[in-house]
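Residues per chain, in single letters:
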Amino acid sequence: ILNVEQSPQSLHVQEGDSTNFTCSFPSSNFYALHWYRWETAKSPEALFVMTLNGDEKKKGRISATLNTKEGYSYLYIKGSQPEDSATYLCAFYGGSQGNLIFGKGTKLSVKP
Amino acid sequence: GAGVSQSPRYKVAKRGQDVALRCDPISGHVSLFWYQQALGQGPEFLTYFQNEAQLDKSGLPSDRFFAERPEGSVSTLKIQRTQQEDSAVYLCASRTVNEQFFGPGTRLTVL
């Protein structure tokens, strides 16, 4: 059974703090690692699709790194804002028919 | 439409009722997925369609769950004789080569 773990489960930070979360996944049969941002009552929004070992991707204040050999990815948010409050999900894709295997998510709350 | 849409957004059912959840994928997307997210868990795979063919239904938790996509576009997830443990958010996603695009989900509450 493939297992994707995320930590921490939840995180409370002050506006302006920088923060990071971890996603660990199987290092075998790796094809891609997806990061999503999910606000309550909205659709999960794709942040990054990461495929290559050593990949670093950036979108505004959010960036992510990937280590496929050891099976982990970090998501960083620089200078957190209240609008960053959401659940951040990572999902492993093994390259078969396409279903994603999700972690439980990290719920981020940013206080003004 | 611009994205994946799902209806209803919220559904309250009494235990034992049947429910039907609808997904409108992005036009032209061949692949469609259903996921179930229970409270405190990540989304879990239920079933997968390629056009109208249901290629994988290994994630459906019981034979009370049934999904169809008869014309290869809109899909319906049906749950018969709902139970309390069916309470969850049901997400639909359609896919391009590299990315899955999700709808906002249907939150089902079974009383």
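Residues numbered from 1 in each chain as written. Chains lettered and ligands numbered in written order. Predicted model: local features only at pLDDT ≥ 70, side-chain atom pairs only at ≥ 80, totals over all residues. Heavy atoms only, no water.

**Q** I'd like to hear about the overall build of chain A, residue by residue, with values.
**A** When helices and strands are counted, chain A shows 0 helices and 11 strands. In chain A, the succession of helices and strands from N to C terminus is β-β-β-β-β-β-β-β-β-β-β. For chain A, whose C-alpha radius of gyration is 13 Å, the value lies close to the compact-globule estimate of 13 Å for 112 residues. Overall, chain A is about 40 × 30 × 20 Å in size when its C-alpha atoms are taken along their principal axes. When each of the 112 residues of chain A is scored for burial, the buried share is 46%. If you sum the accessible surface of chain A, you get close to 5,600 Å²; carbon and sulfur atoms cover 46% of it. (Helix = DSSP H or I, 4+ residues; strand = E, 2+ residues; numbered from the N terminus. Rg over C-alpha atoms; globule rule 2.2 N^0.38 Å. Buried < 20%, exposed > 50% of the residue type's maximum accessible area, 1.4 Å probe, protein only. Areas by Shrake-Rupley, 256 points an atom, 1.4 Å probe, with all protein chains shown as cover.)

**Q** Tell me about the packing of aromatic side chains, and name the residues and values.
**A** The geometry of two aromatic rings is summed up by the distance between their centres and the angle between their planes. As enumerated under the stated definition, the model contains 16 aromatic pairs over all chains in all. With a centroid separation of 5.3 Å and 45° between ring planes, the pair formed by A:F21 and A:Y88 is classed as tilted. On the criterion of sequence distance, the pair formed by A:F21 in strand β3 (residues 19-24) and A:Y88 in strand β9 (residues 86-93) is long-range, its members being 67 residues apart. Judged by relative accessible area, A:F21 falls into the buried class, the value being 0%. Looking at A:Y88, the relative accessible area reads 0%, which means it is buried. Members of the aromatic cluster, connected to one another through ring pairs, are A:Y36, A:F102, B:F33, B:Y35, B:F45, B:Y48 and B:F102. (Phe/Tyr/Trp six-rings, centres within 6.5 Å; stacked < 30°, edge-to-face > 60°.)

**Q** Residue-level account of the side chain of B:S94, with values.
**A** All names here are of chain B. For S94, the position within the fold is in strand β9 (residues 88-95). You can call S94 buried: its relative accessible area is 0%. A polar side-chain atom of S94 sits 2.8 Å from a polar atom in the side chain of H29. Residues in contact with S94, not counting those within four places in the same chain, are V4, P25, I26, H29, S31, L32, E99, Q100 and F101. (Polar contact = N/O pair within 3.5 Å; in protein donor to acceptor, adjacent residues only side chain to side chain. Contact = heavy atoms within 4.5 Å.)

**Q** Can you tell me about the sheet that holds strand β1 (residues 5-7) of chain B, naming the residues and giving the values?
**A** Residue and element names in this part refer to chain B. As summarised here, the arrangement of the 4 strands in space is β1-β3-β8-β7, forming an open sheet in which the pairing is antiparallel. Both outer strands of the open sheet, β1 and β7 (65-68), are each paired with one neighbouring strand and no more. Neighbour to neighbour, the strand axes of the sheet diverge by 15° on average, direction disregarded. Note: β7 against strand β8 (residues 75-79), 4 bridges, orientation antiparallel. The residue bridging F65 from the neighbouring strand is I79, located in β8. (Pairing = 2+ DSSP bridges. Axes fitted to C-alpha atoms, helices over the stretch in contact; angles between N-to-C directions.)

**Q** Talk me through the nonpolar core; I want residue IDs and the actual numbers.
**A** In terms of nonpolar packing, the biggest core is built from 23 residues, with A:F25, A:L33, A:W35, A:F48, A:L75, A:Y88 and A:L108 touching the most fellow members. No other element matches β9(A), which puts 4 residues into this core. In contact with A:F48, not counting residues within four places along its chain, are A:L33, A:H34, A:W35, A:K57, A:K58, A:K59, A:I62, A:S63, A:A64 and A:L75. By size, the runner-up hydrophobic cluster in this structure holds 20 residues, among which are B:C23, B:W34, B:L77 and B:C92. (Core = buried A, V, L, I, M, F, W, Y, C linked by side-chain atoms within 4.5 Å.)

Function cannot be read off these values alone, since they describe shape.
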